[in-house]
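In case you want the letters, here they are:
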Amino acid sequence: MDRKISDRIRYVGVNDHSKVIFEGLWPLPFGVTYNSYLVIDEKIALIDTAEADFSREYLSNVREQAEGRPVDYLVVNHMEPDHSSLMKEILDIYPDIRIVTNAKAVPMIRGYYGITDNIIVVKEGDSLSLGDTALTFFMAPMVHWPETMVTYLAEEKTLFSGDAFGTFGAVDGEIKDSGARLCGWLGETKDCFPAFSDEMTRYYSNIVGKYGQTVQAALKKLSGLEIKRICSTHGPVWEKHVPDVTARYDMLSRYEAERGVCIVYGSMYGNTEKAAKALAAELAKRGVKYSLHNLVTENVSYAYRDVFKYDTIAAGAPTYNNDIFPPVYNFMYGVSARLVRNRRFFAFGSYTWAGASVTLLNEMAGKLGFLLISDGQSFAQGYSADKCDMASAAELMI
Ligand code: FEO
């Protein structure tokens, strides 16, 4: 991989094709990157580090790209361990390095790694000269942790954005978006943004989704900067697609979605599943976009992706212990935890002797401020179109 982003910026991150589950929760069918960068001037600054499992490869990248010169500064934009785990190893190689971060990160650096010395604390708008160039720091709390900040290199119009504008997916070929390919992508596109698009939405909805308000605040703050390149901590370096990725984050953080239906369901003996599939078929007949997620067998991250993508949620659950079938209840909890708003909602599900799930799903949706498109479809025992009218439901979703 060509690691030269520009004369002054080098990519020293790593591709992870091995990790199966990110944060112990989210599958990685296409892998993930841990991005880190060197800014080379009279002084050299390293922006963030990488995940611990990649120490040998990562440290080799740093040494090679620094071309034998010592690294003077380690800028810590974000303390989550996928970006900070190799701080001690960097300090071992460069004992005179100074850590540059903000006050909220200092106790985290001590708590995670026992490091207390050689720390320069910066605040909003502070700059650090590297020679001909300077790094400027802007606080971006809760994008995605409270200590998060971003670093701007004005001479290159480059934003080192931390997790913001990041995406799941290891990057094949080049790291720049003009030549990057999503690992394992089978699509025909030669343009990487469509390939990364769904994984970016899945990354945002699962990792950052709760923090729409603070993402909006950060976007507003950064709107005054001229940005021609975004170097985030995950995914390609964005140049060609800077407008696309900023528009995507703006839309997602405002909880705006396109017309379409995210159908989720759990099923014990297949009756609620038949209803879910009947709804999908009726939507297909009417040309309405939809996705279908079995929450018993599929990781919920894909459903959360589509909750952020589509403006309608159709949730199907049998009644279980006079309550909502647990996987669907857990899904609704996650929707609530992400503070999702401005959605239409439709509930359906089967019961055997007493129906409760549809009423309870509607109550949960009502508390979230969702618009109920009907009272839902609750049916006893086996599914049939007579007992569960999905054609009418689909009409309401057009
Ligand atoms: Fe990729 Fe919030 O760390």
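Note that the structure is a prediction, hence the values are computed from the model and not measured. Here the residue index of a chain counts from 1 through its sequence in written order. Only residues with pLDDT of at least 70 get local features here, since the model is predicted, and only at 80 or more are side-chain atom pairs given and counted; chain-wide, interface and lining totals rely on the full set of residues. Values shown for side chains rest on all heavy atoms present in the structure; no hydrogens or waters enter the calculation.

Draft legend 1. Here's a closer look at empty space enclosed by the protein. In this analysis, the protein atoms alone were mapped onto a 1 Å grid. Cavities are point sets where a 1.4 Å probe fits without being able to get out; pockets are open sets with protein on both sides within 12 Å along at least five of seven lines; lining residues have an atom within 4 Å of a point. Grid points are joined across faces, edges and corners, and a volume is the space filled by probe spheres set on the points. Tallying each qualifying case throughout the model produces two cavities of 30 Å³ or more. Roughly 70 Å³ of volume is contained in the largest cavity. Around the largest cavity, the lining residues are Ala140, Val143, Val150, Ser161, Ala164, Phe165, Val215, Ala218, Leu219, Leu222 and Tyr249. Helix and strand assignments follow DSSP, with helices taken as H or I runs no shorter than four residues and strands as E runs no shorter than two, numbered in order from the N terminus. It is helix H6 (residues 212-222) that provides the largest number of residues to the lining of the largest cavity, a total of four residues. Side-chain classes follow a simple rule in which Ala, Val, Leu, Ile, Met, Phe, Trp, Tyr, Cys and Pro form the nonpolar group, Asp, Glu, Lys and Arg form the charged group, and the remainder, Gly included, forms the polar group. Across the lining of the largest cavity, the residue classes break down as ten nonpolar, one polar and no charged. Its boundaries defined by the atoms lining it, the second largest cavity holds a volume of some 30 Å³. Contributing elements (two or more residues each) for the lining of the second largest cavity: strand S16 (180-182) and helix H5 (192-208). With three residues, the single largest contributor to the lining of the second largest cavity is S16. Partitioned by chemical class, the residues of the lining of the second largest cavity number five nonpolar, one polar and three charged.

Draft legend 2. Representation of the pairing of strand S20 (residues 310-316). For S20, a buried count of seven out of seven residues is recorded, marking the element as mostly surrounded by other parts of the structure. Strands are treated as partners if at least two bridges between them are detected by DSSP. Sheet topology places strand S18 (residues 258-265) next to S20; six bridges connect them, and they run parallel. Along S20, the bridge assignment pairs Val264 with Ala315. For every residue, the accessible area obtained with a 1.4 Å probe (protein chains only) is divided by the maximum for its type, and the residue is called buried under 20%, exposed over 50%, and partly exposed between those limits.

Draft legend 3. Structural detail: unusual backbone geometry. With phi around 60°, Tyr255 is a residue other than glycine that occupies positive phi space. Of note, Tyr255 is situated in the loop between helix H7 (242-253) and S18. With a phi close to 55°, Leu339 is a non-glycine residue in the positive phi region. Position of Leu339 relative to the elements: it lies in the loop between helix H10 (326-337) and strand S23 (344-351).

Draft legend 4. Structural context of the packing of H6 against H7. The angle between two axes is taken between their N-to-C directions and runs from 0 to 180 degrees, where each axis is a line fitted to C-alpha atoms and a helix contributes only its stretch in contact. Two elements in contact, H6 and H7, have axes whose closest approach is 8 Å; the angle formed by their N-to-C orientations is 140°. Between H6 and H7, the interaxial angle falls into the category oblique. Both H6 and H7 take part in a crossing whose hand is left-handed. Contacts between H6 and H7 involve Gly212, Val215, Gln216 and Leu219 on the former and, on the latter, Tyr249, Asp250 and Ser253. Of the residues contributing to the contact of H6 with H7, the split by class is three nonpolar, three polar and one charged. An angle below 35 degrees is treated as roughly parallel, one above 145 as roughly antiparallel, one from 65 to 115 as roughly perpendicular, and anything else as oblique. Helix crossings get a hand from a simple test, with the near helix turned counterclockwise from the far one by less than a right angle marking a left-handed crossing and a clockwise turn marking a right-handed one. Contacts are residue-level and defined by heavy atoms, with any inter-residue pair within 4.5 Å sufficient.

Draft legend 5. Here's a closer look at the environment of Leu339. With a relative accessible area of 47%, Leu339 lands in the partly exposed category. If near-sequence neighbours (up to four positions away) are discounted, Leu339 is found in contact with Lys210 and Tyr255.

Draft legend 6. Main features of the UniProt feature "domain: Flavodoxin-like" (unreviewed entry) in the protein. UniProt positions are given in the numbering used here, feature names are shortened, and annotations may be inferred rather than shown by experiment. Residues annotated in UniProt with the feature "domain: Flavodoxin-like" (unreviewed entry) correspond here to residues 261-398. Here residues 261-398 is 38% helix and 25% strand, with 9 Å between the C-alpha atoms at its ends.

Draft legend 7. Representation of H10 in the model. Over its twelve residues, H10 extends 16 Å from the first C-alpha to the last, a length consistent with the 16 Å expected when each residue adds 1.5 Å. Leu339 sits one or two positions beyond H10 and adopts a positive phi of about 55°. By this rule, a helix spans an expected 1.5 Å times one less than how many residues it contains.

Draft legend 8. Seen up close, the pattern of salt bridges. Salt bridge, as used here, is a side-chain nitrogen of Lys or Arg placed within 4 Å of a carboxyl oxygen of Asp or Glu. Applying the stated criterion across every chain yields a total of 19 salt bridges. Here the salt bridges do not stand alone but share partners, grouping Arg8, Glu156, Lys176, Arg229 and Glu239 into one network.

Draft legend 9. Highlighting the layout of surface pockets. By volume, the largest pocket is sized at about 310 Å³. Lining the largest pocket we find 17 residues, and of these Met268, Pro318, Thr319, Tyr351 and Thr352 sit closest to its centre. The set of elements that each furnish at least two residues to the lining of the largest pocket consists of helix H8 (271-285), strand S21 (319-320) and S23. In terms of residue class, the lining of the largest pocket is built from seven nonpolar, ten polar and no charged. As a volume, the second largest pocket reaches approximately 160 Å³.

Draft legend 10. A look at the packing of aromatic side chains. To pair, rings of Phe, Tyr and Trp, with the six-membered ring standing in for Trp, must have centres within 6.5 Å; the planes then decide the type, stacked if under 30 degrees apart, edge-to-face if over 60, and tilted in the middle. One pass over the structure, following the stated rule, counts 17 aromatic pairs. Taking the centre distance of 5.1 Å and the plane angle of 50° together, the rings of Phe165 and Tyr249 count as tilted. With Phe165 in the loop between strand S14 (158-162) and strand S15 (171-173) and Tyr249 in helix H7, this pair connects stretches of sequence that are 84 residues apart. Taking the relative accessible area as the measure of exposure, Phe165 reaches 4% and is therefore buried. According to the relative accessible area criterion, Tyr249 is buried, its value standing at 1%. On the basis of an interplanar angle of 40° and a centroid distance of 5.7 Å, the ring pair of Tyr255 and Phe308 is categorised as tilted. In this pair, Tyr255 sits in the loop between H7 and S18 while Phe308 sits in helix H9 (residues 301-309), placing the two residues 53 residues apart along the sequence. Here the two residues Tyr255 and Phe308 agree in accessibility, since each one is buried. Of the aromatic side chains, those joined through ring pairs into one cluster are Phe165, Tyr204, Tyr249, Tyr255 and Phe308. Geometrically, a lysine NZ or arginine CZ counts as sitting over a ring once it is within 6 Å of the ring centre and also within 35 degrees of the ring normal. Above the plane of the ring of Tyr304 lies Arg338, whose end atom (NZ or CZ) is 4.0 Å from the centre.

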